[in-house]
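Commentary on secondary and tertiary structure
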Amino acid sequence: MVSHGSSPSLLEALSSDFLACKICLEQLRAPKTLPCLHTYCQDCLAQLANGGHVRCPECRETVPVPPEGVAAFKTNFFVNGLLDLVKARACGDLRAGKPACALCPLVGGTSAGGPATARCLDCADDLCQACADGHRCTRQTHSHRVVDLVGYRAGWYDEEARERQAAQCPQHPGEALRFLCQPCSQLLCRECRLDPHLDHPCLPLAEAVRARRPGLEELLAGVDNNLLELEAERRVEKETLTRLREQAARVGTQVEEAAEGVLRALLAQKQEVLGRLRAHVEAAEEAARERLAELEAAFARRVLSLGREAEILSLEGAIAQRLRQLQGCPSARGPSPCLVPQLELHPGLLDRNCHLLRLSFEEQQPQKDGGKDGAGTQGGEESQSQREDAAKTERQGGTQLQARDEIKAQTPREDKAPMPQEDGAQTLEEDRAQTPHEDGGPQPQRGGRSNKKRKFKGRLKSVSREPSPALGPNLDSSGLLPRPIFSCSFPTRMPGDKRSPRITGLCPFGPREILVADEQNRVLKRFSLNGDYKGTVPVPEGCSPCSVAALQSAVAFSAGARLYLISPDGEVQWRRALSLSQASHAVAALPGGDRVAVSVAGHVEVYNMEGSLATRFIPGGKASRGLRALVFLTTSPQGHFVGSDWQQNSVVICDGLGQVVGEYKGPGLHGCQPGSVSVDKKGYIFLTIREVNKVVILDPKGSLLGDFLTAYHGLEKPRVTAMVDGRYLVVSLSNGTIHVFRVRSSDS
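Within an unreviewed UniProt entry, the label attached to the chain reads E3 ubiquitin-protein ligase TRIM56, and the organism entered is Saimiri boliviensis boliviensis. According to the UniProt record, the Pathway (unreviewed entry) comment for the chain reads "Protein modification; protein ubiquitination."

**Some points on the overall build of the chain**
Looking only at helices and strands, the chain has 15 helices and 37 strands in total. With 748 residues in all, the chain has 37% of them scored as buried. Taking all contacts inside the chain whose residues are at least 6 apart in sequence as the whole, residues at least 24 apart take part in 50%. With the model as given, the accessible surface of the chain reaches about 43900 Å², and the carbon-plus-sulfur share is 52%.

**Points about the sheet that holds strand β13 (residues 202-204)**
Taken in spatial order, the three strands line up as β12-β11-β13 in an open sheet, and their pairing is antiparallel. Only two strands of the sheet have a single neighbouring strand rather than two, namely β12 (186-188) and β13. When strand polarity is set aside, the average angle formed by the axes of neighbouring strands in this sheet is 30°. Of the strand pairs in this sheet, strand β11 (residues 179-181) and β12 are connected by three bridges, and their pairing is antiparallel. Across the sheet, residue Cys181 finds its bridge partner in β12, namely Gln186.

**Here's the deal with unusual backbone geometry**
Within the chain, Arg60 stands out as a residue other than glycine whose phi angle is a positive 65°. Inspection of the secondary structure assignment puts Arg60 in the loop between β3 (53-55) and β4 (62-64). Backbone geometry at Arg522 places phi at a positive 55°, although glycine is not the residue there. Counting through the fold element by element, Arg522 comes out in the loop between β16 (513-518) and β17 (523-528).

**Points about the confidence of the model for the chain**
When pLDDT is averaged across the chain, the result is 76; 75% of the residues are at 70 or more. The low-confidence segment residues 1-9, where pLDDT is below 50, has six contacts with residues more than four positions distant or belonging to other chains. pLDDT under 50 marks residues 91-96. Its contacts with residues more than four places away, or in other chains, come to eight contacts.

**Looking at the sheet that holds strand β34 (residues 704-709)**
Paired through their backbone hydrogen bonds, the strands of a sheet run either parallel or antiparallel. Here we have four strands laid out as an open sheet, ordered β31-β32-β33-β34, and antiparallel in their pairing. Of all the strands in the sheet, just β31 (677-679) and β34 have a single pairing partner and so form its edges. Strand-to-strand twist of the sheet, defined as the mean angle between neighbouring strand axes without regard to direction, takes the value 30°. Looking at chain direction, strand β33 (residues 694-698) and β34 are connected through four bridges and run antiparallel. Of the residues in β34, the one forming a bridge with Val696 is Asp707.

So, how was this worked out
Residues numbered from 1 in each chain as written. Predicted model: local features only at pLDDT ≥ 70, side-chain atom pairs only at ≥ 80, totals over all residues. Heavy atoms only, no water. UniProt positions renumbered as here; feature names shortened; annotations may be inferred. Helix = DSSP H or I, 4+ residues; strand = E, 2+ residues; numbered from the N terminus. Buried < 20%, exposed > 50% of the residue type's maximum accessible area, 1.4 Å probe, protein only. Contact = heavy atoms within 4.5 Å. Areas by Shrake-Rupley, 256 points an atom, 1.4 Å probe, with all protein chains shown as cover. Pairing = 2+ DSSP bridges. Axes fitted to C-alpha atoms, helices over the stretch in contact; angles between N-to-C directions. pLDDT = per-residue confidence, 0-100.

Shown next, in the form of structure tokens:
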């Protein structure tokens, strides 16, 4: 037998998230139970159904949907009973804030009952004092348990109410389930018992439970006996996944460092080649100038033939001196040969099958008993040492390219056909022994083992729908592009929220904090970069904050057709009416934190802390009037404005006077409208493209540099972004989750 001392109490079931749907995060409605014993709302399961199957969001088990639909899944009467208990405690007909009697309208014919003071646990009705006294005296209800309403709502009678609670028949409202049809294994009420189960053997519920409980308890006891083994396997599985994630993170870092090394070496070669080219041209120009000096004799001949007497005499001395110099020089024997430069590219740069980066997979058995096996531990340490040595070699010089190094392209035999790669794609060398050192020699093999035994069974692939265009010649040769390093992820839904969050605005708020505009719940939430909830900034009643920006000692946000400036404690300092022709207005703080910019009907308005209009301009000047619609707006440390223009389907960059200094509307947008924009401390622009789950990076002039974040980084319908401290990119998703990435540049 199973001890019931460790069973969860009713109070724990009612106070925990046991009654919340793990899909919509709301209280369960029409709870349906899957064969894996996980329960969800019927409507939520209907949304998950795909191709006649449903995949459980928690255990990932795929189960077929009955032909009648998700409504045919078993109804969780246990959860229904708990929900009825919770609703009875929290809800009821209210009059002046107090529950009303349920029997008074039936007895006296009044439209509303008197104030309730008691509750019948058997009838589940609230009663006034008079009806409660009569309820105890009638023949049919004298055995009912009538309790004090205050104590009932305080939870004093939850256990007793559960014992008297009867499950209601879903087919016949008002009828309690009383029987179990043995052949059909179906719960029946008295109406269901008549037809079509009239000839079936049926048992009362209490008798059926007594007959079936021993079998279930025996199964549960068997599970308890294997609990330690199951828990050990679960722990080993978690440790294996943890090691996998750690190794994947290490490999990801190695890939980033290898790619950085290749780019660094390529940029160094570019500078060397351009330097030689400039030197060659300068030498040729100098030689040409010396040869062209002979043509100065022609000038003297023109002076003698065409000049006047006074002119000839005035230039006589200079002409005579120059002609004597030319007489001493040997005569030229034809034009000097000109060496025209030609660029020769290494064949490996044009060969799509030349892989500088490759990904291999090695099978590793999970270590049981915490890895106490000596051989297993030694092997693990040796493997880890080899991985660290390989990573160290790559960092030291394994990725340095030499001008005359030969890249051997070897296609893996396991691949049935070579995989085409996009421009700029790079692969890892198959044999580390051929990787050049800083001195140009091959890398020594570790431990006398040959790396040729490695079999490559996988390749790095882009997860996004299509890659952005390859990196152009606008790379800054002084450093590498920023790259993301995942920091943390956290949800923004708080216990007091009535709806799922819809984040429409983000901004930095103090040191290592962000301010989140949740338009759906009409609140400004504060979070640390680690995901710690710091409370809220109060907003005026009825306001749904859309875009938000933090100033020196105030918060500016747009709501509807108004711009608000409030103090951190919620006091409204001023409000300004905006144009009604725009559904939403983007807000951004200017460098220094003493002014706020807002996009209004195609132009930008800038207000100071006192609420006065400081400036107003149209990006591109008056000629662009009516041709701009800035849906997202931000500012750069250099004082430029960056906006997503949905009218021109472009990203526009302009100075404080509205002069456009850069604009991008190329193929990197994938035909989508540009989304949220953020700028780091160097001026790099991070553009969100929601439809393809990407954040791409532009240079300060608006030229596309490539992808920064993709679906590989966990992006699923990104909504808005914000740059914090110039080095943390905060990305909010449509489901209310926030991802934080550290932006790593060449000098960080």
